[in-house]
Amino acid sequence: MRDAEEFDALYAACAGRVVGHVYLLTGNLSEAEDAAAEAFMRAWQRWQSVREADSPEAWVRRVASRIAVSSWRKALNRMRAHHRAVVEQSVPGLSEDHVALLQALRRLSADERRAVVLYHLNDLSVAEVAAEMQRPTGTVKSYLARGRRAMAGMLTEEHQEGASHG
């Protein structure tokens, strides 16, 4: 019974954050929910070892990210075809700023996007991001610097374009 209670507590504490993390990586809420559900299922199947991890939440987040990336790779050609149409549609409930942020994140390399999301949106430290990405802290700092610089340029361009149209 203790296992189920501990697992339920983990799920209640972090399911929303895991879905949000994967959503920011993929830009697709349905895929994020599916990946998170699969990751939690795998965590339950391996609960004896997952519960002993330094951070069970990080374990689930990492597995969910890998599931999403794997799914993403399999569907890359399909997504490219749909991407152009989706970007131009407005999504109910998302502000122009949210859409601009998602578009800017999509333009980053996968490593830069992951580092930016983990650090800025999941509030992990550089050391925690490095551990989760299994990269040296200097590499993570480089991903963050390049990602921020690229996004600043993209978001500034979009802001300037919006101002000139208004």
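What you see is a predicted model, and the numbers here were worked out from it, not measured in a lab.

1. Focus: the overall build of the chain
Moving on, step 1. Helix and strand counts for the chain stand at nine helices and zero strands.
Moving on, step 2. Counting from the amino terminus, the chain carries its helices and strands in the arrangement α-α-α-α-α-α-α-α-α.
Moving on, step 3. Of the accessible surface of the chain, which amounts to about 10100 Å², a share of 52% is contributed by carbon and sulfur atoms.

2. Here's the deal with the pattern of salt bridges
Moving on, step 1. Applying the stated criterion across every chain yields a total of nine salt bridges.
Moving on, step 2. Measuring nitrogen to oxygen at the nearest pair gives 3.4 Å for the salt bridge that ties Glu57 to Arg61. Of this pair, Glu57 and Arg61 both sit in helix H4 (residues 56-74), four residues apart, roughly one helical turn.
Moving on, step 3. Its relative accessible area of 17% is what places Glu57 among the buried residues.
Moving on, step 4. The buried category is assigned to Arg61, whose relative accessible area is 6%.
Moving on, step 5. Put simply, Glu112 and Arg146 hold a salt bridge, and the shortest N to O gap is 3.0 Å.

3. What to know about unusual backbone geometry
Moving on, step 1. A positive phi angle, close to 55 degrees, is found at Asp123, a residue other than glycine.
Moving on, step 2. Notably, Gln134 is not glycine yet its phi reads approximately 55 degrees, a positive angle.
Moving on, step 3. Relative to the helices and strands, Gln134 is located in the loop between helix H8 (126-133) and helix H9 (137-165).
Moving on, step 4. Classification of Gln134 by relative accessible area gives exposed; the value is 58%.

4. Here's the deal with the side chain of Asn122
Moving on, step 1. Looking at the element boundaries, Asn122 is found in the loop between helix H7 (110-121) and H8.
Moving on, step 2. Judged by relative accessible area, Asn122 falls into the buried class, the value being 19%.
Moving on, step 3. With residues up to four places along the chain from it excluded, the contact list for Asn122 reads Arg17, His21, Arg61 and Val117.

5. Looking at the environment of Val140
Moving on, step 1. Within the secondary structure, Val140 is located in helix H9.
Moving on, step 2. On the accessibility criterion, Val140 (0% relative accessible area) is buried.
Moving on, step 3. On a C-alpha basis, the gap between Val140 and Asp111 in space is 8.6 Å, while along the polypeptide they are 29 residues apart.
Moving on, step 4. If we ignore the near neighbours within four places in the chain, the residues touching Val140 are Val126, Val129, Ala130 and Arg135.

6. Digging into the packing of helix H1 (residues 2-26) against helix H2 (residues 29-45)
The description of two packed helices rests on the angle between their axes and on the distance between the axes.
Moving on, step 1. One can describe the packing of H1 onto H2 by two numbers: an axis separation of 8 Å at closest approach and a directional angle of 150 degrees. Relative to H2, the element H1 is oriented roughly antiparallel. For the pair H1 and H2, the sense of crossing is right-handed. Only Leu29, Glu31, Ala32, Glu33, Ala35, Ala36, Phe40, Ala43 and Trp44 of H2 make contact with H1, whose side of the interface consists of Asp3, Ala4, Phe7, Leu10, Tyr11, Cys14, Ala15, Val18, Val19, Val22, Tyr23 and Thr26.
Moving on, step 2. A breakdown of the residues in the contact of H1 with H2 according to their chemical character gives 17 nonpolar, one polar and three charged.

Scoring rules and cut-offs
Residues numbered from 1 in each chain as written. Predicted model: local features only at pLDDT ≥ 70, side-chain atom pairs only at ≥ 80, totals over all residues. Heavy atoms only, no water. Helix = DSSP H or I, 4+ residues; strand = E, 2+ residues; numbered from the N terminus. Areas by Shrake-Rupley, 256 points an atom, 1.4 Å probe, with all protein chains shown as cover. Salt bridge = Lys/Arg side-chain N within 4 Å of Asp/Glu carboxyl O. Buried < 20%, exposed > 50% of the residue type's maximum accessible area, 1.4 Å probe, protein only. Contact = heavy atoms within 4.5 Å. Axes fitted to C-alpha atoms, helices over the stretch in contact; angles between N-to-C directions. Parallel < 35°, antiparallel > 145°, perpendicular 65-115°, else oblique. Left-handed = near helix turned anticlockwise from the far one by under 90°. Nonpolar A, V, L, I, M, F, W, Y, C, P; charged D, E, K, R; others polar.

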